[in-house]
Amino acid sequence: MEPSEFFKFYAAKLIMPMFIGAFILISKYYWWTLVVSLIVDVWCISNLIYLKTYDMFMTIDTILMADNMDGAWNSILPYINWQVYTFVVMTLLWLLFLVFANKRCDLKRDAKIKCFFIVEFAVLLLVFLNNKHLYGSYRNIEQTTGDEMHTETENFESMTLGEDPKLKVNRIMIPYIPFTEVLFQASGSFCNGKNYKWTMSYVKYQSIISYLPAALIYYVVNPMKAGDRIKLEKTDVYNISKFVSDFETYYTNFDHRNLIMILVESLESWPLEKDIDGVNVVPNLRNLIVKDHVLYCDKIKSQTLSGNSGDGQMIVNTGLLPIAEGVACMNYGNNVYPNIAHLYENSTIVNPWPHIWNQDTMTVRYSYRNVVEPTDNKWEDLDVFNSLKNVLKICTKPSCTMAVTVSTHVPFDRINQFVDFSEKSPNIISKYLNCLSYTDNCLGELINDIESDTILENSTIVITGDHTVFKPIMFNEFVDYLNKEELSCAHGSNYCPLIIYSPEIEGNIHVTDTCYQMDVFPTILNLIGAEDYFWHGFGVNVMDSVARHNRPITEEEAYRLSDLMIRSDYFRNYYGKEQ
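Everything in this summary refers to the structure shown in the same document.

1. A few points about the overall build of the protein chain
Helix and strand counts for the protein chain stand at 25 helices and 11 strands. For the protein chain, long-range pairs separated by at least 24 residues make up 79% of all intrachain contacts whose partners lie at least 6 apart in sequence. Surface accessibility of the protein chain: about 25800 Å² in total, with carbon and sulfur atoms responsible for 57%.

This is the structure we're talking about:
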């Protein structure tokens, strides 16, 4: 409606295509742009799929971690739909145009070079005008503090649409050409993955194409390198020390109940709420959450970042949150981590997918002494629970066992008998619910034996999800169906459930407050009688209503401190202990 608004939005989108297109002028043939178009297609499609999977764009770290996808490449298949093919269709149309267009440029070489530089000058001029006179993008590099930088990255849109009233002295105007914002941002401090919010805003005002070189520059300039050890400031050591007690209780060999932790891949809460399409998808889990001696929290906020399942496993085992850049289990696999398993004489992990997220190393770091995993065949959840039952039969008290499920992992094809859950449901939801129903069926025997099996009856059993699987951008595609079924996730918010059976729990407790994954660790410590453990994490015991409403730390600060603790290998350096 306003010409200036139109200009300042689309001018930034045009600069990268103009930059690429200008090379036609110094190339002998037009068809070379087909190669560039295909490369751009790959980049755009990859980011679209990654956005649907992780709710963020690709970073250099994610590209470098591609080898971690070994054995899981088919997990991207559900996110390929008609939107992806539009990129390819545009390239094919361009190919048809090239077939019928002239194949050579008729300009003389000197003229082509002149035209090339004229176009590139026009590109820079457009961006300069766009930002100096319309966005009013000014910066005060010397005066901006780390805290102000943190605020600015979180409010990128507001600071590019007008002057920041806080910065009034020694202003330095920076023409907003691509990458200058990256250089400026890279000079500041980042935490809690706030740069992802910045990348979203960057692409909004620039383009997904310009983000690739921008991200490269950011990771070259950014002093925080994934995997590097840092030294903590005194103030950070003080803030962290509030959550760490005397290290003499590092290992306490006490007589407590068995602990069984079941980390269900991509388990979300909304299928437990009600029948879907008239079907009870998870009858065994819904039966469990109403039993005596059970705690059920239906709103556990997933706090995983780039590490997804790797992050989820770390949060439950250690009480730490993911690092802001990279993935802790990949970049800091040799750290010393606090954990629950080392409190037990016997500890076993049943892992159906041992080749991703650096599982061999992290199994040791989480203090699991025994590993049960497939050798040459692909496991389903039935194999996982059969293996779990065998472990429970032979282990002696006290014992800690973690079982990781796999059948509900995208693309939801790790079951032999696959039948669509409902023709009414969108395809990807139908597949997810079908696999979840299968996993629930595998859980059924374990749940039914809780009140009759001696080991299970005297154990603390924890069932939770490692992370949510559907991001808001995915829910947007089938919001009409979700509203029709009156599911809570129709509003774009989804949670993992936390279900704990323990003889220590009196009656049935249903917590409806929003809690966090970092709360799982201290809740388990409380139920197994390990309140004196030197590290309780940044969360709270979800059974304590007073603690839930009076948290000692914000989620944002917990991310920041946890990031510092992991990158400094805090638990090795501070206590001088080896794991």
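2. Digging into the nonpolar core
Counting 143 residues, the largest nonpolar core has Trp 270, Ile 463 and Trp 535 as its most contacted members. Once residues within four sequence positions are removed from consideration, Ile 463 is found in contact with Ile 262, Val 264, Leu 267, Leu 285, Leu 288, Leu 443, Pro 497, Leu 498 and Ile 499.

3. Focus: helix α14 (residues 309-318)
Among the 10 residues of α14, 10 are classified as buried, and the element is accordingly described as predominantly covered. By the burial criterion, the buried members of α14 are Ser 309, Gly 310, Asp 311, Gly 312, Gln 313, Met 314, Ile 315, Val 316, Asn 317 and Thr 318. Phi for Gly 319, located one or two positions after α14, is positive at around 80°.

4. Observations concerning the packing of aromatic side chains
Counting across every chain of the model gives 13 aromatic pairs. Put simply, the rings of Phe 243, Phe 521, Tyr 533, Phe 534, Trp 535, Phe 538, Tyr 570 and Phe 571 pair up and form one aromatic cluster.

5. Section: the pairing of strand β9 (residues 496-501)
The element β9 is extensively covered by neighbouring structure, given that 6 of its 6 residues are classed as buried. Alternating residues of β9 divide into Cys 496, Leu 498 and Ile 500 and Pro 497, Ile 499 and Tyr 501, and every residue in both groups is buried. Sheet analysis places strand β4 (residues 294-301) next to β9, joined by 5 bridges and oriented antiparallel. Directly across from Cys 297, in β9, lies its bridge partner Leu 498. By the bridge criterion, 4 bridges tie strand β8 (residues 459-465) to β9 in an arrangement that is antiparallel. What sits directly across from Thr 464, in β9, is Leu 498.

6. Description of the state of the cysteines
Scanning the entire structure with this criterion turns up 0 disulfides. Free cysteine: Cys 515, not disulfide-bonded; nearest cysteine sulfur from Cys 297 at 3.7 Å. On the accessibility criterion, Cys 515 (0% relative accessible area) is buried.

7. Observations regarding the side chain of Asn 284
Turning to its location among the elements, Asn 284 is positioned in helix α13 (residues 283-288). In terms of polar contacts, Asn 284 uses its side chain to reach the side chain of Asp 440, at 3.0 Å. Apart from the residues within four sequence positions on either side, Asn 284 is in contact with Asp 440, Asn 441, Gly 444, Ile 447 and Asn 448.

What counts and what doesn't
- Residues numbered from 1 in each chain as written.
- Predicted model: local features only at pLDDT ≥ 70, side-chain atom pairs only at ≥ 80, totals over all residues.
- Heavy atoms only, no water.
- Helix = DSSP H or I, 4+ residues; strand = E, 2+ residues; numbered from the N terminus.
- Contact = heavy atoms within 4.5 Å.
- Areas by Shrake-Rupley, 256 points an atom, 1.4 Å probe, with all protein chains shown as cover.
- Core = buried A, V, L, I, M, F, W, Y, C linked by side-chain atoms within 4.5 Å.
- Buried < 20%, exposed > 50% of the residue type's maximum accessible area, 1.4 Å probe, protein only.
- Phe/Tyr/Trp six-rings, centres within 6.5 Å; stacked < 30°, edge-to-face > 60°.
- Pairing = 2+ DSSP bridges.
- Disulfide = S-S within 2.5 Å.
- Polar contact = N/O pair within 3.5 Å; in protein donor to acceptor, adjacent residues only side chain to side chain.

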